[in-house]
Every structure is written in structure tokens, then in C-alpha cells.
Amino acid sequence: MQTPTDSLDQARMAYEGHLNTCRQCAVDRAPCAVAKHLRRVYNSLNLAARRGVSGGPAPRMR
């Protein structure tokens, strides 16, 4: 079972790896849709880790 830190590190590496290999991100110097999605996943896991929620995104606040 992955710990929240492992999941966060994996999400960060996936995002950074995508930025390093995606032609569209490199040419446009702007993140593509996949990069934006990976960044949202990382941000959700990071927020959940800060709030102490293990294994998923933080609950939405209104």
C-alpha cells in the first residue's frame, strides 16, 4: 500500500516527466491538457496530505 507521500512523489514525477517529454509543452512553452490534468492530480494529493486526508482528494469547500 502506498503512503500519501509516495503518491505525492509519484504524481510530481509524472507531471515533471511529462513536461520533459511532451513536444507540445516544449514547443508552446505552455502546459498541454495532459500536463494540466497531472498538475491538478498533484495539487489535490498535496492538499489532501496537508489536511491529513489519506489516499484521496480533499473534500470540496463551498
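What you are looking at is a predicted structure, and each value in this text was computed from that prediction instead of being measured. (Residues numbered from 1 in each chain as written. Predicted model: local features only at pLDDT ≥ 70, side-chain atom pairs only at ≥ 80, totals over all residues. Heavy atoms only, no water.)

1. Here's the deal with the nonpolar core
Here comes step 1: In terms of nonpolar packing, the biggest core is built from five residues, these being Y15, C22, C25, C32 and A35.
Here comes step 2: Discounting chain neighbours no more than four positions away, the residues touching C32 are H18, C22, Q24 and C25. (Core = buried A, V, L, I, M, F, W, Y, C linked by side-chain atoms within 4.5 Å. Buried < 20%, exposed > 50% of the residue type's maximum accessible area, 1.4 Å probe, protein only. Contact = heavy atoms within 4.5 Å.)

2. Considerations on the packing of helix α1 (residues 4–21) against helix α3 (residues 33–51)
Here comes step 1: In contact at an axis separation of 9 Å, α1 and α3 are set at 160° when each is read in the N-to-C sense. It follows from the interaxial angle that α1 and α3 lie roughly antiparallel. Remark: the crossing between α1 and α3 carries left-handed chirality. Residues S7, L8, A11, R12, A14, Y15, H18 and L19 of α1 form the contact with α3, whose participating residues are V34, A35, L38, R39, V41, Y42, L45 and N46. (Axes fitted to C-alpha atoms, helices over the stretch in contact; angles between N-to-C directions. Helix = DSSP H or I, 4+ residues; strand = E, 2+ residues; numbered from the N terminus. Parallel < 35°, antiparallel > 145°, perpendicular 65-115°, else oblique. Left-handed = near helix turned anticlockwise from the far one by under 90°.)

3. Description of the confidence of the model for the protein chain
Detailed reading of predicted coordinates is not advised where the pLDDT is low.
Here comes step 1: On average, residues of the protein chain score 84 in pLDDT, and 81% of them are at 70 or above.
Here comes step 2: Taking the mean pLDDT of every element in the protein chain, the minimum, 88, falls on helix α2 (residues 23–28) and the maximum, 93, on α3. (pLDDT = per-residue confidence, 0-100.)

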